[in-house]
Amino acid sequence: MSANPNIEALERMGAVRPQWTAVREARTALGLEGRVLLHAGPPLLDPRRPPPPMLNAAVLSCLHEGWARDEAEAENMLGSGAVRLEPSYSRNVATPLVAMVSPRTTLAEIADRGHRYFAFLGTGSGPQQRFGSRDRAILERLAFREATLQKGFQELLDAPVDLLAIARAAIREGDDLHNRLSSATTLLHALLSTRKTDSEAAKAALRTVAEAPLYFLNVWMPACQLALLSAEGAPGCTLVTRLCANGERIGMQVAASPGKWITAPATLVRGPFMKGAPENPQFGPATGDSGVIDAFGLGGQGLRHAPSLLAAFSGFLQGDHSAEMLAGFHPILETPFALDTALVKRSGRAPLLSTGMVSADGRGLLGRGICELPASLFV
C-alpha cells in the first residue's frame, strides 16, 4: 500500500469528467416502482415520521402521483407505511433540501464513462417542493416539469453538457457552486441557447433555467458525487465520499469504508434571513444531499471564491480556514478539492456547510446560510 493511500484516490477523482447527458423518468431510470418516495440524507430515524418540511414534500408527492385524494389521506398513507420513504443515495440520485423523488419525477442524468448518477430536475422559480412548504401551487410546477420540461430538455440535450467547463468558469466569476451559482446558471443557459430551441417545450426549458439563479445546483450535485465515489474502496483512504443531511442527522461516509455511515445530530444553518421569509423565523437544521459539494471542496470549503457570500456570512463565521482540510488540487478546476478527515482532525477546526435554510416547522425557505459540521463526525 502507498505511504499515502489518498494519492491514487485523488488521481481517480480528478480524472472524472461528468456530463449532463439526458433527462429520464425516475420509474425507468431508477427502477422506482410502487409507492416509494426518495428523500435526501442518510436513513431517517423513523421513515413514517419525517420532519415537518419533509412531510410536506412527501404529501405533495403523494398527490402528484395520484396515490391520495387529499392531504389527510396522504398523511395517513405515510404514517401507516403504505407509502415508503427511502434515502435517495440508495438509488443513485441526489435530492436538494427536502425535495422528493417519486416514480413520475423527471431526473437529469449525469454520466462519466459508463458511471451514472441522477439529479432531481428543478422546476424554475416560484413555489418549490425543496423548500418544504405545503403550497398547492407546487403541484402545478411538478406537473409542468413532467409534461413540458422533460420534452424541452430532451430536445436541448442533443449533445452532452460538460459540467466541469461551466464550473471552472463560474468559480472565476465568484461562485462557490453551492449557495452562489448565478454565473454557472448563466453559462448553462448560454450554452443551451445554442441548441435546437424551436419548439415551445425547448423555449420553456430555457426560460426555466434563466429565471432560477440556482438552477445549476441540481446537476452539479451528482457531478461532485460521481467524482467522490470514484475513491470508494481505497484501503486506508481518509477522503470523504458522501456528505448529506435529512433535518435530523448529518451523515458522512469515508472512502476506506464504503456504505458505512457516520452520523451526528444535524446542526443549525445560520445566516441572514431573506426578504419575504416567514414571520418570526428560527434557524433550521441542515438538510439535503448538496453537502456533497462541500465534501468535494467547494461550497463551505470554497467560500474564498465567493466574496459576496463571505460578506453575507461575516457575522456567522469564525474565519474561513476550510482550504486547509482539502487534500488535492483539481486539474481542471484548478482549486483545492477533496475533504480529508485526517486533515480535519489535524487542523482542530470544523469543515463548513454552505447551504439553504429551510424553516423547521415547514413554512418554507428562510434564506441561505452556513454551519459547521459536528466535531463528532471526525472523532
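Predicted, not measured: the structure shown is a model, and the values here were computed from it.

Observations concerning the overall build of the protein
Here's step 1: Looking only at helices and strands, the protein has 12 helices and 15 strands in total.
Here's step 2: Over its C-alpha atoms the protein spans a radius of gyration of 19 Å, differing by no more than 12% from the 21 Å that the globule rule assigns to 379 residues.
Here's step 3: Overall, the protein is about 60 × 45 × 40 Å in size when its C-alpha atoms are taken along their principal axes.
Here's step 4: For the protein, buried positions account for 58% of its 379 residues.
Here's step 5: In the protein, the share of contacts with a sequence separation of at least 24, taken over all contacts with a separation of at least 6, comes to 71%.
Here's step 6: Accessible area for the protein stands at about 14,300 Å²; split by element, carbon and sulfur atoms hold 52% of it.
Here's step 7: Here the protein holds 37 positive side-chain charges and 36 negative ones, and the gap between their average locations is 1 Å.

Quick notes on empty space enclosed by the protein
Here's step 1: This model, assessed by the stated rule, comprises two cavities of 30 Å³ or more.
Here's step 2: Empty space within the largest cavity amounts to approximately 80 Å³.
Here's step 3: Contributing to the lining of the largest cavity are Y89, V93, A94, Y117, M221, Q225, R242, L243, C244, W261, D289 and V292.
Here's step 4: Mapped by element, the contributors of at least two residues to the lining of the largest cavity are β4 (93-94), α9 (216-229) and β8 (240-246).
Here's step 5: Counting residues per element, the lining of the largest cavity draws most heavily on β8, which supplies three residues.
Here's step 6: Counted by class, the lining of the largest cavity contains nine nonpolar, one polar and two charged residues.
Here's step 7: Empty space within the second largest cavity amounts to approximately 60 Å³.
Here's step 8: In terms of lining residues, the second largest cavity is bounded by L243, C244, A245, I250, T287, G288, S290, G291, L353, T355 and L373.
Here's step 9: For the lining of the second largest cavity, the leading source of residues is β8, giving three residues.
Here's step 10: Across the lining of the second largest cavity, the residue classes tally to six nonpolar, five polar and no charged.

Things to note about the sheet that holds β4
Here's step 1: On the basis of which strands lie adjacent, the open sheet formed by five strands has the order β4-β6-β5-β1-β7 and mixed pairing. Strand pairing shows two members of the sheet lacking a second neighbour, β4 and β7 (161-162), which therefore form its edges.
Here's step 2: Sheet topology places β4 next to strand β6 (residues 115-120); two bridges connect them, and they run parallel. Bridge pairing links V93 to F118 in β6.
Here's step 3: Each of β1 (19-25), β4, β5 (106-112) and β6 is contacted by α9, which is oriented at about 150 degrees to β6, the strand it contacts most.

Some details on the packing of helix α3 (residues 52-65) against helix α5 (residues 137-156)
Here's step 1: Closest axis-to-axis distance for the α3/α5 pair is 10 Å, and the angle between their directions is 50 degrees. The pairing of α3 with α5 is recorded here as oblique in orientation. Classified by chirality, the crossing of α5 by α3 is right-handed. Between α3 and α5, the contacting residues are L60, L63 and H64 on the first element and I138, L139, L142, A143, R145 and E146 on the second.
Here's step 2: Within the contact of α3 with α5, the residues separate by chemical class into six nonpolar, one polar and two charged.

Topic: the side chain of Q253
Here's step 1: With respect to the helices and strands, Q253 occurs in strand β9 (residues 249-254).
Here's step 2: On the accessibility criterion, Q253 (1% relative accessible area) is buried.
Here's step 3: Here G259 takes part through its backbone nitrogen, which lies 2.9 Å from a polar atom of the side chain of Q253.

Re the layout of surface pockets
Here's step 1: Of the voids in this model, the largest pocket is the one considered here, and its volume is about 570 Å³.
Here's step 2: Along its surface, the largest pocket is lined by 31 residues, and R130, F131, N179, L214 and L365 are the ones closest to its centre.
Here's step 3: If you list the elements that add at least two residues to the lining of the largest pocket, you get α9, β14 (352-358) and β15 (365-372).
Here's step 4: Considering each element in turn, the lining of the largest pocket owes the most residues, three residues, to β15.
Here's step 5: Looking at the lining of the largest pocket residue by residue, the classes come out as 13 nonpolar, 14 polar and four charged.
Here's step 6: Each pocket or cavity is described by its volume, and for the second largest pocket that value is around 260 Å³.
Here's step 7: Forming the boundary of the second largest pocket are 16 residues, of which F316, L317, Q318, L352 and E372 lie nearest the centre.
Here's step 8: Considering every element that reaches the lining of the second largest pocket, the biggest residue donor is β15, with three residues.
Here's step 9: For the lining of the second largest pocket, the residue count by class is eight nonpolar, five polar and three charged.

Remarks on the nonpolar core
Here's step 1: Of all hydrophobic cores here, the largest spans 79 residues; its most connected members are W20, F153, L177, F216 and W220.
Here's step 2: Here this core gets 11 residues from one element, more than from any other, and that element is α9.
Here's step 3: Non-local contacts of W220, meaning those with residues more than four positions away in its chain, are made with L163, L164, A167, L177, I293, F296, L298 and L333.
Here's step 4: In this structure, A57, A74, V83 and L142 belong to the second largest nonpolar core, which totals 21 residues.

How each quantity is defined
- Residues numbered from 1 in each chain as written.
- Predicted model: local features only at pLDDT ≥ 70, side-chain atom pairs only at ≥ 80, totals over all residues.
- Heavy atoms only, no water.
- Helix = DSSP H or I, 4+ residues; strand = E, 2+ residues; numbered from the N terminus.
- Rg over C-alpha atoms; globule rule 2.2 N^0.38 Å.
- Buried < 20%, exposed > 50% of the residue type's maximum accessible area, 1.4 Å probe, protein only.
- Contact = heavy atoms within 4.5 Å.
- Areas by Shrake-Rupley, 256 points an atom, 1.4 Å probe, with all protein chains shown as cover.
- Lys, Arg positive; Asp, Glu negative; His and termini not counted.
- Charge placed at Lys NZ, Arg CZ, Asp CG, Glu CD.
- 1 Å grid on protein atoms, 1.4 Å probe; cavity = no way out; pocket = protein on both sides within 12 Å on 5 of 7 lines; lining within 4 Å.
- Points joined across faces, edges and corners; volume = space filled by probe spheres on them.
- Nonpolar A, V, L, I, M, F, W, Y, C, P; charged D, E, K, R; others polar.
- Pairing = 2+ DSSP bridges.
- Axes fitted to C-alpha atoms, helices over the stretch in contact; angles between N-to-C directions.
- Parallel < 35°, antiparallel > 145°, perpendicular 65-115°, else oblique.
- Left-handed = near helix turned anticlockwise from the far one by under 90°.
- Polar contact = N/O pair within 3.5 Å; in protein donor to acceptor, adjacent residues only side chain to side chain.
- Core = buried A, V, L, I, M, F, W, Y, C linked by side-chain atoms within 4.5 Å.

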